[in-house]
Amino acid sequence: MSTPDPTAVAALQASIVKPVFFAYLDFLGDPVRANTSGGDLMPTGSGDPDLDDEIFTGISGTVVTVSAVKFGEGGSDSVTAELSGIPGVDDDTLALLADPLNYRGRDARLWRIIRNASNVQQGGFHAYYTGKMTSVLLSGGAEEQRIRVTIESYLAALSQPSNRTYMDQTRYDSGDESARAAIAIANGNYTGAPSTGSGGLGTGGSGGAGGERFFNTNPLL
């Protein structure tokens with residue numbers, strides 16, 4: 001994530017601010033580039049290969065919703081980009097959205113520029129979010145429909161739970177039986193050390209009131 005340049009920051013202090021948002025969604029074979037200015041735009045000179053010399057289709061900002069970006073220690077929350085009020089989606093687009101391989105894990109980027117009251121751009125492009133698409137939802141009726149794309153930050157997308165437990169330890173170290181021993185101790189049937197009989201706390205001994213068991217595996221005691 002970059003930060004706005006000083007010119008853009010100064011423009012944000014004005015009483016009238018006209019931001020324009022740019023989005024790039026890397027659908028397989030049919031990437032989407034759009035902006036909220038209402039007219040097609042081709043950025044140049046930004047130094048960003050995902051922006052420069054690419055046509056971003058103009059869409060009215062009244063039909064596009066992009067959720068706020070909130071950052072924390074574990075990365076950012078999910079971001080949703082929604083296009084509403086569109087006419088019936090054609091068969092090619094439906095087929096594209098129906099296959100998760102066409103979007104899941106592929107790049108999504110968001111930029112913003114600031115315009116003043118005269119619609120003159122102030123400063124450069126602010127790349128404020130980059131992540132991976134994780135889901136696409138199509139909803140609505142026959143006349144108009146809504147497409148919602150959920151985007152996760154790189155950190156969140158690459159930090160999915162492993163679903164492993166301590167019981168998997170022997171898969172990586174065949175001689176490590178610590179997890180099995182811990183469960184046996186908890187169940188009161190540990191037999192990993194010789195017993196000296198009930199009562200007392202000698203080597204391998206067990207005892208204690210209330211069903212408690214103590215195990216001493218130190219040969220020096």
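Owing to the predicted nature of the structure, the values given are computational and were not obtained by experimental measurement.

Side chains of Asp30, Asp90, Asp91 and Asp92 sit close together on the surface and give a patch of like negative charge. Here Asp30 shows up in the loop between strand 1 (18–25) and strand 2 (32–35).

The subject of this paragraph is the nonpolar core. Leu25, Phe27, Met133, Val136 and Val149 are the most contacted members of the largest nonpolar core, which totals 16 residues. Among residues more than four places away in sequence, those in contact with Leu25 are Pro31, Val32, Asp107, Ala108, Met133, Val149 and Ile151.

Next up on the list: unusual backbone geometry. In the Ramachandran plot, Asp53 falls in the positive-phi region, its phi being about 60° despite a non-glycine side chain. Take Asp53: it is sitting in the loop between strand 2 and strand 3 (57–58). Owing to a relative accessible area of 55%, Asp53 belongs among the exposed residues under this scheme. At Asn119, a residue that is not glycine, the phi angle is positive and equals roughly 65°.

Of all residues in the protein chain, 67% attain a pLDDT of 70 or more, and the chain-wide mean is 75. For the protein chain, the element scoring lowest by mean pLDDT is helix 3 (residues 154–157), at 50; strand 8 (residues 107–115) scores highest, at 93. Contacts of residues 156–162 to residues separated by more than four positions or lying in other chains number two contacts, the stretch itself having pLDDT below 50. In this model residues 194–221 is a low-confidence stretch, pLDDT under 50, and it forms 34 contacts with partners more than four residues away in sequence or in other chains.

Another point: the pattern of salt bridges. Within this structure, the stated rule accounts for seven salt bridges. The residue Glu82 makes a salt bridge to Arg146 at a minimum N-O spacing of 3.3 Å. Separated by 64 residues along the polypeptide, Glu82 in strand 7 (residues 79–86) and Arg146 in strand 10 (residues 145–153) bring together distant segments of the chain. The exposure class of Glu82 is buried, given its relative accessible area of 15%. Assessed through its relative accessible area of 35%, Arg146 is described here as partly exposed. A salt bridge links Arg148 to Glu82; its shortest N-O distance comes to 2.9 Å. Within this pair, whereas Arg148 is found in strand 10, its partner Glu82 is found in strand 7, the two being separated by 66 residues in sequence. In the salt-bridge network here, residues are joined through shared partners; they are Asp48, Asp50 and Arg109.

The rules behind each value
Residues numbered from 1 in each chain as written. Predicted model: local features only at pLDDT ≥ 70, side-chain atom pairs only at ≥ 80, totals over all residues. Heavy atoms only, no water. Patch = residues over 30% accessible without salt bridge, like charges linked within 9 Å, V, L, I, M, F, W, Y side chains within 5 Å. Areas by Shrake-Rupley, 256 points an atom, 1.4 Å probe, with all protein chains shown as cover. Salt bridge = Lys/Arg side-chain N within 4 Å of Asp/Glu carboxyl O. Lys, Arg positive; Asp, Glu negative; His and termini not counted. Charge placed at Lys NZ, Arg CZ, Asp CG, Glu CD. Helix = DSSP H or I, 4+ residues; strand = E, 2+ residues; numbered from the N terminus. Core = buried A, V, L, I, M, F, W, Y, C linked by side-chain atoms within 4.5 Å. Buried < 20%, exposed > 50% of the residue type's maximum accessible area, 1.4 Å probe, protein only. Contact = heavy atoms within 4.5 Å. pLDDT = per-residue confidence, 0-100.

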